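# Structure assessment
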Amino acid sequence: MTRASWNRLAWIMALTLLALPFVFPFLWMVSAGFKSVTEIFGAPNLIPRVWRYENFAEVFTYQPFARQYFNSLYIAGVVTILTLLISSLAGYALARIRFVGAGLIMLLLVTALMMPDEVTIIPNFFFIRWLGLVDTHWPLILLPVFGAQGVVATFLMRQYFLSLPKELEEAAKMDGLSRFGIWWKIAIPMSRPALAAVAIITFLNSWNLFLEPLIFLSSLEKFTLPLALSNFNDSYGLPLWNLQLAATTLAVIPVLIIYLIAQRQIVESFALSGVKG
Amino acid sequence: MANVQLQGLKKSFGAVEIIRGIDLQIEDGEFVVFVGPSGCGKSTLLRLIAGLETISQGELTIGDRTVNDVPASARGVAMVFQSYALYPHLTVRENMGFGLKVRKVARVERERAVADAAALLKLDALLDRYPRQLSGGQRQRVAIGRAIVANPSVFLFDEPLSNLDAELRVHMRSEIASLHQRVATTMIYVTHDQVEAMTLADRIVVLRDGRVEQVGAPQELYERPANIFVAQFIGSPKMNILNVDAAKALLSGETLPQSATQCGVRPEHLQVGSAEGAGLRGTVTLAEYAGAETLLHIELEGGDTCLALHRDGTPPRVRSGVTLTVEPSRIYLFDQNGVAVPTAA
Amino acid sequence: MTNSLSHRSGAQARAPWLTLQRRDAIEGWLFVSPTLLGFLIFFLGPLIAIFIYAMSDWNFLSGEATFVGLANFEDALLANPDFWLVLRNSAVFALGLVPLNVALALFLAVALSRPFRGVIVFRTIFFAPVITSAIAWAIVWKFLLQGEGGPINQMLAMIGITGPNWLREPNWAMAAVIVTRVIKMVGLNMILYIAALQAIPRDYDEAAGLEGASRWQIFRLITWPLLGPTTLVIVILTTIGSFKVFDHIYQMTGGGPENGTLVLAFYIYQQGFQFFDIGYASALAIIMFVIVTILTLIQVSLRRKDDA
């Protein structure tokens, strides 16, 4: 072998070694999800000696796990659609319409851009309580749509609209389309990449949201997935490992499969939001 | 059909004034070209008329209406954009009919309007294609077709030919000229290319720094420029500007007005003779041969350089001495501010 | 052709109320109004509220609130030893996480920015934890890092090493949450670096290569300086991210052992929602607000300079 190919082999080896702690947790999660409690703490082996499929059935009897799964899905869907709508409207105005106050609005929004939810969560809790919406899904929808997430989406959309050729929209204006019509019929159809990026990031964020469910939800059948996952404990508060890991497998694997299929699109979305957001 | 009136029109973006007060009367059916160097405000002025920018001050009248606050789509104007601005997701037919559709014009009427415009521009065969399937020249024609379908009282063109190659540009130029002859609608056309301006315009408006330098028919601008800027902007290669002493040497003996400090001579008006005769003496430093003519770079005695176009016969060689003469009526005089000084002749 | 445009007749009255400028303004405000309204209700309002809360002694359970001025801050800054522990923990967490994350991200990006067979596989692997729920990630690692019978310690035992009880000893616990968090998030910085690396024209490398520079010299003298702006942004984003970490701590250690991993975000939650000390929790939230605002301003001004 030439020196160059030895070199390459060394790189690949190093990267493979480095990849272990990234892959290993997923493999062990799936494996442990199929094991009995005793085997989990026996000698370490990746392939279970006895495949205990019952774990996955017990997940659904221990908690209303199907219902919780559905909660996460529909909440993430609603949050995504609302965010797309609202952020693309505001992003469009901030990119294209010259109006007094636009600069001030931008400045205000920047303050929220990276603010952790923890900063405002206490007053928001009292406000939601005052509205009588504790232990409902409303705060899980409202806070992300109008919080830092929504602001990131707004800036992302604005940046993208700025990069589009202006003349097409001007032609539409001369053709008699209203501002709303220009937004909907011209700007939105041209913004697929940015909309896809916003949709992907927003969906994942809502899907993985934890602080808000933890604070606002108390009934099991209203839980979302992350909260449900953290709740597989016995009466002493100790984790029921095999159930918890089986449930985690059920929550994580579909997302990973979608990620493998749409890998390129998803990674690009994050790159876009990181660079511009 | 409509005339267009601009009265004291101003436009600022923030603190920057782009259009600094323009008065202009455009007659019904006239072809007016706005020309000037980049940044002179010509496109902004067109966009003010179109309604794509709001007017900061002054009054804009189209027909008998003040349209300062009439939305673009209700002004009775149509615009052809530099980038054509065709909707990528619509066919040629849909692109051309889009404006009428938005305005809820009946389908039959809409289709007739599109068919008429397509026939006029020989686009019939392309109606079901998408913009991406068209060549640059075809896209340009569709953009013009879309404007025609709108049946405006004023056509606006924003550098419509600058994205085409040289050959197509000449061709489309003649098509636009013949279109104007056929429809006889008021047309306002923006370009930075003075050849386009000269060949198309009934009247040219020369702009600089948001102000009108001169308005006039092409021949008028060429023969009687109001100042050095217009003199140099119109005509190619551009007019030589020399110290007034050069004019004295060329005119031998005539008395010049006191205020004249500079003079101008167009390269095509200089006659290049052998070194012996009377006139301006100089040495050829560079000769650019282009077939029908040769552009001579000449260093004059005293250090100034000037350009001369040599047409018939063999051009003088580089480094040879020459004498330049000119017909007295072809000499332009300017005062120290660059404003034209009328000659006695 | 019938005329559809110029049929709109009637001379317009001069300067109507609805000028084009006003129309633009109305449309602009209308378009941003949902975002703006939400921002005022769920961000700006609460932000003002924490300043008021922070100046009161308000126990949520008893429902009593009294005005105490800056006592909560005094409590935080002077009297409460926990606060300094929390700040120290947050600083240790940030100082451990940021350099490790950025260095690893840069290494991976350099290794994976040029195409070779399998490059996509590696990129996919290193990015996978980013899209995984933090809670799920923490659950699995908590399982792997158990003291007795935990898979990692069992494997260490096979090569003769007795692993510590990772999450039960303060220093090991801090190291464990930092490292597992880096593994979770490094993929994000990796792709930002890859994007930046791919934006560098290859001419530079090639020119330097022709001049006889080694690969390390090319990296140190050309690539690294060109990555400067990206690195600054990444460092600040990662630092802000380190202050946001909550789910991870909640699930893995719950702030323990002996408050060894008690960081600011978790402490706010604990004071507000477990001990119901609203005034004190609000004072903590203000401190977090100030830290993140400063970092955001630095980041925004860097980006401005970058754009110019």
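Everything numeric in this text was worked out from a predicted model, so none of it was measured.

### Concerning the overall build of chain C
- Each helix and strand counted, chain C has 13 helices and two strands in total.
- On C-alpha atoms alone, chain C measures out to a radius of gyration of 27 Å, which is more than a quarter above the 19 Å that the 2.2 N^0.38 rule sets for 308 residues.
- Judged by the C-alpha coordinates and their principal axes, chain C covers about 95 × 75 × 35 Å.
- Counting over 308 residues, chain C shows a buried share of 53%.
- Summarising the internal contacts of chain C: among those between residues at least 6 apart in sequence, 66% fall at separations of at least 24.
- Of the roughly 14,500 Å² of accessible surface on chain C, 64% is carried by carbon and sulfur atoms.
- The distance from the centre of the 19 positive side-chain charges to the centre of the 18 negative ones in chain C is 14 Å.

### Things to note about the sheet that holds strand E7 (residues 154-158) of chain B
Residue and element names in this part refer to chain B.
- Here we have six strands laid out as an open sheet, ordered E6-E7-E8-E3-E9-E10, and mixed in their pairing. If you trace the sheet from one side to the other, it starts and ends with strand E6 (77-80) and strand E10 (211-216), each paired once. Going from strand to strand, the sheet's axes swing by 20° on average, the running direction of each strand aside.
- In this structure, strand E3 (residues 31-35) lies alongside strand E9 (residues 203-208), joined through four bridges in parallel fashion. Counterpart to Val35 in the pairing with E9 is Val206.
- Contacts from helix H4 (residues 136-149) reach E6 and E7, with the element oriented near 175° to E6.

### So, the sheet that holds strand E12 (residues 262-265) of chain B
Residue and element names in this part refer to chain B.
- Taken in spatial order, the four strands of this open sheet run E11-E12-E18-E19, and their pairing is antiparallel. Of all strands in the sheet, those with a lone pairing partner are strand E11 (240-243) and strand E19 (340-341), marking the two edges.
- Where helix H9 (residues 244-251) meets the sheet, it contacts E11, E12 and strand E18 (332-334), and its direction lies at approximately 90° from that of E11.

### Topic: the UniProt feature "domain: ABC transporter" (unreviewed entry) in chain B
- UniProt's entry tags residues 4-234 of chain B with the feature "domain: ABC transporter" (unreviewed entry), counted in the numbering of this structure.
- Measuring from the first to the last C-alpha atom of residues 4-234 of chain B gives 25 Å, for a span that is 37% helix and 26% strand.

### Description of the pairing of E6 of chain B
Residues and elements named next belong to chain B.
- Burial along E6 is two-sided: Val77 and Met79 and Ala78 and Val80, pointing in opposite directions, are all buried.
- In terms of strand pairing, E6 meets E7 through four bridges, oriented parallel. The partner of Val80 across the bridge, within E7, is Phe157.

### Quick look at the interface of chain A and chain C
- Every contact between the two is made by 86 residues of chain A and, on the other side, 85 residues of chain C.
- Across the interface of chain A and chain C, roughly 7,800 Å² is buried in total on both sides, 81% from carbon and sulfur atoms.
- When residues of chain A are sorted by the area they lose upon contact with chain C, Phe22, Met114 and Ile122 of chain A head the list and together hold 10% of the total.
- At the boundary of chain A and chain C, one finds two salt bridges.
- Here Arg179 of chain A makes a salt bridge to Asp24 of chain C, at a shortest N to O gap of 2.6 Å.
- At the junction of chain A and chain C, the tally comes to six residue pairs in polar contact (both at pLDDT 80 or more).
- With 15 residues, the single largest contributor to the side of chain A that touches chain C is helix H1 (residues 3-33) of chain A.
- Looking at the side of chain A that touches chain C residue by residue, the class counts come to 67 nonpolar, 14 polar and five charged.

### Comments concerning the pairing of strand E17 (residues 321-325) of chain B
Residues and elements named next belong to chain B.
- Note that strand E13 (residues 271-273) and E17 share three bridges and pair antiparallel. From the neighbouring strand, Gln271 faces E17, where its bridge partner is Thr325.
- Direction of pairing for strand E14 (residues 280-289) relative to E17: antiparallel, over a ladder of four bridges. Paired with Arg281 across the bridge in E17 is Thr323.

### Brief notes about the domain arrangement of chain C
Residues and elements named next belong to chain C.
- The assigned domain composition of chain C is domain 1 (2-53) and domain 2 (72-307).
- When each unit is reduced to the centre of its C-alpha atoms, the spacing between domain 1 and domain 2 is 42 Å.
- If you look at the interface, domain 1 gives four residues, while domain 2 gives seven residues.
- On the domain 1 side of the contact with domain 2, Ile50, Phe51 and Tyr53 bury the most area, a combined 82% of that side's loss.
- Summed over the shared surface of domain 1 and domain 2, the number is zero salt bridges.
- Counting every contact that joins domain 1 to domain 2 gives zero residue pairs in polar contact (both at pLDDT 80 or more).
- Class assignment for the residues of the side of domain 1 that touches domain 2 results in four nonpolar, no polar and no charged.

### Brief notes about the pattern of salt bridges
- This model, assessed by the stated rule, comprises 16 salt bridges over all chains.
- Several salt bridges share partner residues, and in doing so they unite Arg98 and Glu170 of chain A together with Arg47 and Glu53 of chain B into one network.

### Re helix H5 (residues 166-183) of chain B
Residues and elements named next belong to chain B.
- For H5, spanning 18 residues, the distance from its first C-alpha to its last is 26 Å, which sits close to the expected 26 Å at 1.5 Å a residue.
- Along H5, the residues classified as buried are Met172, Arg173, Ile176, Leu179 and His180. One side of H5 carries all its buried residues, which in axial view fall inside an arc of 125°. Relative to its buried face, H5 has exposed residues pointing more than 90 degrees away, namely Glu167 and Gln181.
- Of the surrounding secondary structure, the elements contacted by the buried residues of H5 are E3, helix H3 (107-120), H4, E7, strand E8 (186-191) and helix H6 (194-200).
- Just downstream of H5, Ala184 is the residue with a positive phi angle, here 55°.

Parameters and conventions
Residues numbered from 1 in each chain as written. Chains lettered and ligands numbered in written order. Predicted model: local features only at pLDDT ≥ 70, side-chain atom pairs only at ≥ 80, totals over all residues. Heavy atoms only, no water. Helix = DSSP H or I, 4+ residues; strand = E, 2+ residues; numbered from the N terminus. Rg over C-alpha atoms; globule rule 2.2 N^0.38 Å. Buried < 20%, exposed > 50% of the residue type's maximum accessible area, 1.4 Å probe, protein only. Contact = heavy atoms within 4.5 Å. Areas by Shrake-Rupley, 256 points an atom, 1.4 Å probe, with all protein chains shown as cover. Lys, Arg positive; Asp, Glu negative; His and termini not counted. Charge placed at Lys NZ, Arg CZ, Asp CG, Glu CD. Pairing = 2+ DSSP bridges. Axes fitted to C-alpha atoms, helices over the stretch in contact; angles between N-to-C directions. UniProt positions renumbered as here; feature names shortened; annotations may be inferred. Buried area = accessible area lost by both parts, 1.4 Å probe. Salt bridge = Lys/Arg side-chain N within 4 Å of Asp/Glu carboxyl O. Polar contact = N/O pair within 3.5 Å; in protein donor to acceptor, adjacent residues only side chain to side chain. Nonpolar A, V, L, I, M, F, W, Y, C, P; charged D, E, K, R; others polar. Domains from an automatic or database assignment. Expected span 1.5 Å × (residues − 1). Arc of directions from axis to C-beta.

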